[in-house]
Amino acid sequence: MAQHEISNSAVASAAIDAASAAGATYADIRISRRLSQFVHAREQTPLSATDRRTHGLGVRVLAGGAWGFAASTSVTPEEGALCARRAVEIAKANSRLIETPVTLAPSTPVQAVWATPVVRDPFDVPAGEKLELLLAINAEAMRTARVKFCQSMIYSTREQKFFASSEGASIDQNICRIWPEFKATAVSSDGADFQSRRSLAAPVGAGYEAVTSLDLLGEAARAGVEAAAKLDAPPLVPGRRDLILMPSMLWLVIHESIGHATELDRILGYEANFAGTSFVGADQIGKLQYASPIVNVIGERTRPNGLATVGFDDEGVAASQFDIIKSGVLAGLQTIREQAHIIGDAASHGCAFADSYATTPLQRMPNISLLPGKSALTREDLIAGVEDGLLIEGDGSWSIDQQRRNFQFGGQLGYSIKNGKVDSLVRDFAFQSNTLEFWNSCDAIGGPDTFELYGTYFCGKGQPCQAAPVSHGSSPARFRNVNTINTAKC
Amino acid sequence: MILSNEEIKSITDAAIEASPADEVEIQIEAGERADLRFGRNTPTNASLTRFVDVNVKCAYGAREAFAASSGADPETVRETVLRAAELARSAPESPEYVPLLGVQEYEDVDGWDDGTASLSPSLRADTALTTIAEARSRGLVSSGYWENAATVAVIANSAGLTTSQRATNANYSVTMRSSSGASGWAAAASHRAADIDGSRVTRAAVAKALASENPIELPPGAYQTVLEPSVMADMLAYMMGWMSRREADEGRSYFALNGQRLGDAPFPENIVIRSDPAYSALPSRKWGEGGLPLRPTTWIDHGRVKNLSVSRYWAARNGLEAIGRPDVAIMDGADASLDELVADVRYGLLLGSLFYVRLVDPRTMLLTGLSRDGLFLIEGGKVTRPVVNFRWNESPAALLQSVQRLGGSCVAVGKETGASMVVPPILAREFHFTSVAPST
């Protein structure tokens, strides 16, 4: 029988039964059928499209209080059972290393289906149609004389993810995501300088309609002009000044300095050998003045178009919403079933995610967003309150330390602000700060009408490293007296 | 699953037979990967994965496309070939199309070890147990990761090219943290798991953690700095990625700006960087793009930029020889030990490993990142005190220009990139630390 014709339920039953027979006290299985397509172009050159399809199963067990996991690209009842027995063997080998057995927070097992709302499946759109759009984007950007290069791509994924557990859960999800992107590069006439401007379009949880709803040709034309303008822009004069960060840039600051810092597995030390730990303590909930009182941050897996939006996480926990920062104070942490009890929570916040059939679920970020301000402030209102400042649009170079304190961020476009008005485009800019000082300097957040969603397809964490998609929304926000640097003079 | 030679031939023959396209190329990567991860002195996950990845390229004239699948059964291989062919049939002609390579000769690379291929879960647990027991006995908290893999990689095409390479690899890394947050890290990698001394890695991480207690805060600035091999492995990994002839010729690379050109000598005379897939201490993949053989190559020859990687398209267009980018670089060292490099420093820093490194300016290869798990003050030729971590902004090119003395080369693992390279520790005239980062 071909793999495609075997029911997921039959494979799951074989695996879970074999795990129990081998001595597992808990078992779950994920069967993943994942499609991805990468279409790209350089200038007016179409580059080869890549269409990838993976199909595999991963069985996770608890035996002797320790985890074991085995995976295979052969999706049959026999292979599921073999993986289950191998996972139990691994768990038993590791059980002699543990002092405290793994404890799972309760989760109601459900039988459910969920799918990303999609108008037009990206995999029904011919690669030629996508390529035509990319070549048009490149042509628009290169209408500006000094723009010599433009690369563009559309990346889309669709994953059918089946989850079943020994507790009785059986969940079928169909998750679709898509990302159009381009980068225009201008070269100075003497060949001694080049500057790039990357698109601001965000990856989203949606179908191809998310691409066609954007004015990518209009943005490409602007990006070409702006890349060339950066060649002539004055360099930033370094010093402390006010910042206004647009949502296309602020998402990355939220991601790095709030998202990762409030991951309970990092706080506990699970990531100490790789991604790092956190300056946040598990005992600081309700106490730590993380940000100014106008700052409210939530985690959820329910927002339309969110990259982390699903019906259930990879432990079968239903998607929900929870507070992370409330009125500036740390209010909650990201959790999965085996860690929730450590901070006294009765249930997981549903933050488990594995990036393929072959990887174990880790605690990963849900969508984490800064809520809009209560008044209807606009971008211009924020600018009006700045005497000497820098407005940044789009994310650029970034780096943050292993406990999420010290950071440095750049951007795609920087504009100096003088006496309440945008003055000029500047280049070679970045800012350095540390998390608590920065977020406590936030004195204005745009209103609900200015809220926008951005994010990343590829947030890295774990060993072996896994890439998780996650969105972050915000309105423009203002931060006072931040250290800005000139990156050409570092 | 490790495929036999007969299975490989059966799959590649079937793929070529199934293709309706003018040209077809099939690449297979198959094998088993196993790992054990621990944190808080306890195992957190452990896995075993059997995998097969099949990648197919089909071309009709200059119209080409790729398809990939996770299975090598006849039905999946045939479906993948037909999908690539269908995509290629509807693709526009690519101006960057190059024909398939025919039969090639490759370096003889020995990177397989039976013991690594058959490592049991118990042996991985034994290593972790040694580390965890050491941590518990010293009141430290350990975290770490053991990974081993056995793989076979294959490339074959309708022009007659066919080759394969069997490889094993293993790596082990450990982080030790004290109750005050002092942290130390160490790692080792080899294609022979038996060559990885878990106790030695553990002791090195313990020593760094204990030596990092009560760090002093120093002002940011440019310091004379001794960089340990892990730092150089990361720096070299980044720089090798940008040593591309096309980007240089197009004027968007460090190797095209600031007066640097192929053949120029921007670095000191003692800087030699080369690659050799058959290097016995660190064997690596013997082919690159489309089966292009990777030959022993000198990239920086006594300070002079001797070679940049050249894609097959760029080579064909410009009448150049195609030069593939290697997985592993070898930077020649000298005979000084790390202690001897430290002894040369009156007042400076010893930098052990890097974290969160990102490109800031491609024109200069300027990177930003942080020190992590071991930063120490050197006074009067001796390591005297731990130092609170810094953010740094530095270019690997500027760093090589700043080299004052080289140590002996060894296999090292970059903490940030995970890349294994053959690199020496170096003494640099200056390394630019730009702000204090009080995290441990």
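All of the points below concern the structure found in this document. Along each chain, the written sequence defines residue order, and numbers are assigned to residues from 1. Starting at A for chains and at 1 for ligands, labels are handed out in the order in which the entities are written. Predicted model: local features are reported for residues with pLDDT of at least 70 only, side-chain atom pairs are reported and counted for 80 or more only, and whole-chain, interface and lining totals are derived from all residues. Excluding hydrogens and water, the side-chain values take into account all heavy atoms of the structure.

1. Let's talk about the packing of helix α4 (residues 121-138) of chain B against helix α5 (residues 198-211) of chain B
When two helices pack together, you describe them by how their axes are tilted relative to each other and by the distance separating the axes.
All names here are of chain B.
Here comes step 1: In this analysis, axes come from line fits to C-alpha atoms, helices being fitted only over the stretch in contact, and the angle between any two N-to-C directions falls in the range 0 to 180 degrees. Per the convention used, a helix needs a DSSP run of H or I reaching at least four residues, while a strand needs a run of E reaching at least two, with both numbered from the N terminus. Viewed as axis vectors pointing N to C, α4 and α5 meet at an angle of 30°, and their least axial separation amounts to 9 Å. The pairing of α4 with α5 is recorded here as roughly parallel in orientation. The interaxial crossing formed by α4 with α5 has right-handed handedness. Contacts between α4 and α5 involve T127, T130, T131, E134 and R138 from the former and G198, S199, T202, V206 and L210 from the latter.
Here comes step 2: Taken together, the residues that form the contact of α4 with α5 break down as two nonpolar, six polar and two charged. For classification purposes, an angle smaller than 35 degrees is called roughly parallel, one larger than 145 roughly antiparallel, one from 65 to 115 roughly perpendicular, and anything else oblique. Helix crossings fall into two classes, left-handed where the near helix is turned counterclockwise from the far one by less than a right angle and right-handed where it is turned clockwise. In this analysis, two residues are considered to be in contact whenever any of their non-hydrogen atoms come within 4.5 Å of each other. Just so you know the grouping, Ala, Val, Leu, Ile, Met, Phe, Trp, Tyr, Cys and Pro go in nonpolar, Asp, Glu, Lys and Arg go in charged, and all remaining residues, Gly too, go in polar.

2. Focus on the interface of chain A and chain B
Many descriptions give the size of an interface as the accessible area lost when the pieces come together.
Here comes step 1: Each partner contributes to the interface: chain A provides 81 residues, whereas chain B provides 85 residues.
Here comes step 2: In total, about 6,900 Å² of surface goes out of reach between chain A and chain B, with carbon and sulfur atoms giving 49% of it.
Here comes step 3: Each salt bridge in this description consists of a side-chain nitrogen of Lys or Arg and a carboxyl oxygen of Asp or Glu lying within 4 Å of one another. In this assembly, chain A and chain B are joined by ten salt bridges.
Here comes step 4: Here R363 of chain B makes a salt bridge to D193 of chain A, at a shortest N to O gap of 2.8 Å.
Here comes step 5: N or O atoms within 3.5 Å of each other form a polar contact, as long as, within protein, one can give a hydrogen and the other can take it, and as long as residues adjacent in sequence are counted only when both atoms are side-chain atoms. Across the contact surface, chain A and chain B share 46 residue pairs in polar contact (both at pLDDT 80 or more).
Here comes step 6: In terms of residue count, strand β2 (residues 45-63) of chain A provides more of the side of chain A that touches chain B than any other element does, eleven residues in total.
Here comes step 7: Of the residues belonging to the side of chain A that touches chain B, the class tally is 34 nonpolar, 30 polar and 17 charged.
Here comes step 8: Pairing between strands is defined by DSSP: at least two bridges between them are needed. In the sheet, strand β3 (residues 66-72) of chain A pairs with strand β2 (residues 42-60) of chain B via four bridges, with the strands oriented parallel. Residue A70 of chain A lies in a different strand from β2 of chain B, and its bridge partner there is L48 of chain B. Two parts placed together each lose some accessible area under a 1.4 Å probe, and the buried area is that loss summed for both.

3. Description of helix α6 (residues 229-241) of chain B
All names here are of chain B.
Here comes step 1: The end-to-end C-alpha distance of α6, which contains 13 residues, comes to 18 Å, matching closely the 18 Å that a straight helix rising 1.5 Å per residue would cover.
Here comes step 2: For α6, a buried count of eleven out of 13 residues is recorded, marking the element as mostly surrounded by other parts of the structure.
Here comes step 3: Note on classification: 1.4 Å probe, protein chains only; a residue is buried when its accessible area is under 20% of the maximum for its type, exposed when over 50%, partly exposed between these limits. All buried positions along α6 are accounted for by P229, S230, V231, M232, A233, D234, M235, L236, Y238, M239 and M240. To estimate how far a helix should reach, multiply one less than its number of residues by 1.5 Å.

4. Re the environment of R261 of chain B
All names here are of chain B.
Here comes step 1: Structurally, R261 can be placed in the loop between α7 (245-249) and β8 (273-275).
Here comes step 2: Classification of R261 as partly exposed rests on a relative accessible area of 44%.
Here comes step 3: The spacing of R261 and K306 is 45 residues in sequence and 9.7 Å in space, taken between C-alpha atoms.
Here comes step 4: Not counting residues within four places of it along the chain, the set of residues in contact with R261 comprises F255, A256 and V305.

Spatial relationships are all this shows, so hold off on functional conclusions.
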